Structure formats: C-alpha cells, structure tokens
Amino acid sequence: MERIKISPYAKKCALEADVDYSKLIGTGPNGRIVKRDIDAEIERLKNQLPAGRNCGVMTMEVDLKPLMKLLVKLPKGAEAPKVGNLLRRACMAAATERELTLTVTDLTEYAVELFLPELQADTMAAVGLCDLEEDEVRLVLCYDRNAMDDVAAAEYLTLAAAKASQPLLLLI
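Every value quoted in this text rests on a predicted model; they were computed, and no experiment measured them.

Asker: Sorry, what's going on with the overall build of the protein chain here?
Answerer: A tally of helices and strands in the protein chain yields six helices and four strands. Secondary structure elements of the protein chain, listed N to C terminal, follow the sequence α-α-β-α-α-β-β-β-α-α. For the C-alpha atoms alone, the extent of the protein chain along its principal axes is close to 55 × 40 × 25 Å. Looking at the protein chain as a whole, 38% of its 172 residues qualify as buried. Of the contacts made within the protein chain by residues no fewer than 6 positions apart, 56% connect residues no fewer than 24 positions apart. Placing the 22 positive and 27 negative side-chain charges of the protein chain at their respective mean positions leaves the two points 4 Å apart.

Structure representation (structure tokens):
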C-alpha cells in the first residue's frame, strides 16, 4: 500500500472535518497534501450539499467478508442476490428501526469510491453505497441536521453497518 504524503497539520484538519484525504492530489512540495488541499475538499463537499438545508455528511466502511463467504456457499445453480440489494435492505431496516425517512442509492456496480447522495426534500437522510475494494463498501450518509443530530446520524450508520455485517439476516 502506497504511503500518503500529508502534512501533520493537514491530517489533523482532515480528521477533525471528517474528510477522506486518501484520494486527494496534494499541491504541496512533491505532491504532499497540505491544509489548502483539505480546505478545497471541504468547500467542494459543501457546494454539493442541497441549498437551504443544514446538512451533515458522514461515511463508514463496512467489511463484507462474512457476506461474501456466505454467498459462496449457496447451492450450485442458485441465483446469488446482488450485494447492493442486500446492503440496501440493511440500510432500510436500520432506517425503520430508527424511524427515519431516507433514500438509498447503490453505485457499487460502478466502482465509485465516493459520492454525495442526493437529499430529497421529503426525507431526513440519503445513503450512498460506494465500492471500495473486493470485500469492502463505504456507506455515505447525507442528513438534514434539522431532523437529526450528528450523534443520531452516527448511531444510524453504526446500526446499518452492523446489519450489513450480519449476512444471514440479510438473506431472510
């Protein structure tokens, strides 16, 4: 795995702002990521938020190894469900438990690593499913801070990730 060149201050700022700097191209010496790169990414993300709404964004990576192991064990000839459909089911089940209205957009089939899902006017949140690696997916949550606070958003993401990690429950 290639080492990411980032200044300590830029890394601190990125972590505080929950900015994924792993895919940024640095503008500092020798391609090093510096604070202005983090600031530019924050502005880019802010400009993608729906106008007039106080929105928050969080991401969480989910390990799909248990699910993939289970899908391999399906009987020969049985049609395996799409992973994105199972993840959508996990996200919707978590939303039902938390009494949230949300939409789920699945881009796992397109190798998209990060995108901001569109927050609809009549929903509290939107979840994007992004493909990271063979056995990992990233959940991206865009939520209306007037409808739910940051702790509730983190609790929802944690619950959705836990449900996605329980493959037997997803197949029922």
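Asker: Would you explain the pairing of strand β4 (residues 136-144) in this entry?
Answerer: Looking along a regular strand, one sees side chains alternate from face to face of the sheet. Burial runs high along β4: eight of the nine residues are buried. Sheet topology note: the strand β1 (residues 55-63)/β4 ladder contains nine bridges and is antiparallel. In the strand pairing of β4, Thr-59 is matched with Val-140.

Asker: Explain unusual backbone geometry here, please?
Answerer: Phi is mostly negative for residues that are not glycine, and the peptide bonds are mostly trans. One non-glycine residue, Asn-30, lies in the positive phi region at around 55°. Inspection of the secondary structure puts Asn-30 in the loop between α1 (8-17) and α2 (35-47). At Ala-111, a residue that is not glycine, the phi angle is positive and equals roughly 60°.

Asker: Sorry, what's going on with the packing of helix α4 (residues 83-98) against helix α5 (residues 150-164) here?
Answerer: To characterise two packed helices, one gives the angle between the axes of the helices and the distance between these axes. Look at α4 against α5: their axes get within 8 Å of each other, and the N-to-C directions meet at 135°. It follows that α4 is oblique to α5 by the angle criterion. For the pair α4 and α5, the crossing hand works out as right-handed. Between α4 and α5, the contacting residues are Leu-87, Ala-90, Cys-91, Ala-93, Ala-94, Ala-95, Glu-97 and Arg-98 on the first element and Glu-155, Tyr-156, Leu-159, Ala-160, Lys-163 and Ala-164 on the second. When its residues are assigned to classes, the contact of α4 with α5 shows 10 nonpolar, no polar and four charged.

Asker: Looking at this structure, how should I read the nonpolar core?
Answerer: Buried together is how nonpolar side chains tend to be arranged in soluble globular proteins. Counting residues in hydrophobic clusters, the biggest one holds 30 residues, and the most contacted among them are Cys-91, Leu-102, Val-127, Leu-139, Leu-141 and Tyr-156. At the level of secondary structure, the elements contributing two or more residues to this core comprise β1, α3 (65-72), α4, β2 (102-106), β3 (125-133), β4 and α5. The residues touching Leu-102, leaving out its near neighbours within four places in the chain, are Met-92, Ala-95, Thr-123, Ala-125, Ala-126, Val-127 and Tyr-156.

Asker: Explain the pattern of salt bridges to me, please; I cannot follow it from the model alone.
Answerer: Charged atoms that come close allow side chains of opposite charge to pair. According to the stated counting rule, one finds 10 salt bridges in the structure shown. Residues Lys-12 and Glu-16 are paired through a salt bridge, measuring 3.0 Å at the closest nitrogen-oxygen approach. You can see Lys-12 and its partner Glu-16 sitting in helix α1, four residues apart, about one turn around the helix. Here the salt bridges do not stand alone but share partners, grouping Asp-20, Glu-61 and Arg-138 into one network.

Calculation criteria
- Residues numbered from 1 in each chain as written.
- Predicted model: local features only at pLDDT ≥ 70, side-chain atom pairs only at ≥ 80, totals over all residues.
- Heavy atoms only, no water.
- Helix = DSSP H or I, 4+ residues; strand = E, 2+ residues; numbered from the N terminus.
- Buried < 20%, exposed > 50% of the residue type's maximum accessible area, 1.4 Å probe, protein only.
- Contact = heavy atoms within 4.5 Å.
- Lys, Arg positive; Asp, Glu negative; His and termini not counted.
- Charge placed at Lys NZ, Arg CZ, Asp CG, Glu CD.
- Pairing = 2+ DSSP bridges.
- Axes fitted to C-alpha atoms, helices over the stretch in contact; angles between N-to-C directions.
- Parallel < 35°, antiparallel > 145°, perpendicular 65-115°, else oblique.
- Left-handed = near helix turned anticlockwise from the far one by under 90°.
- Nonpolar A, V, L, I, M, F, W, Y, C, P; charged D, E, K, R; others polar.
- Core = buried A, V, L, I, M, F, W, Y, C linked by side-chain atoms within 4.5 Å.
- Salt bridge = Lys/Arg side-chain N within 4 Å of Asp/Glu carboxyl O.

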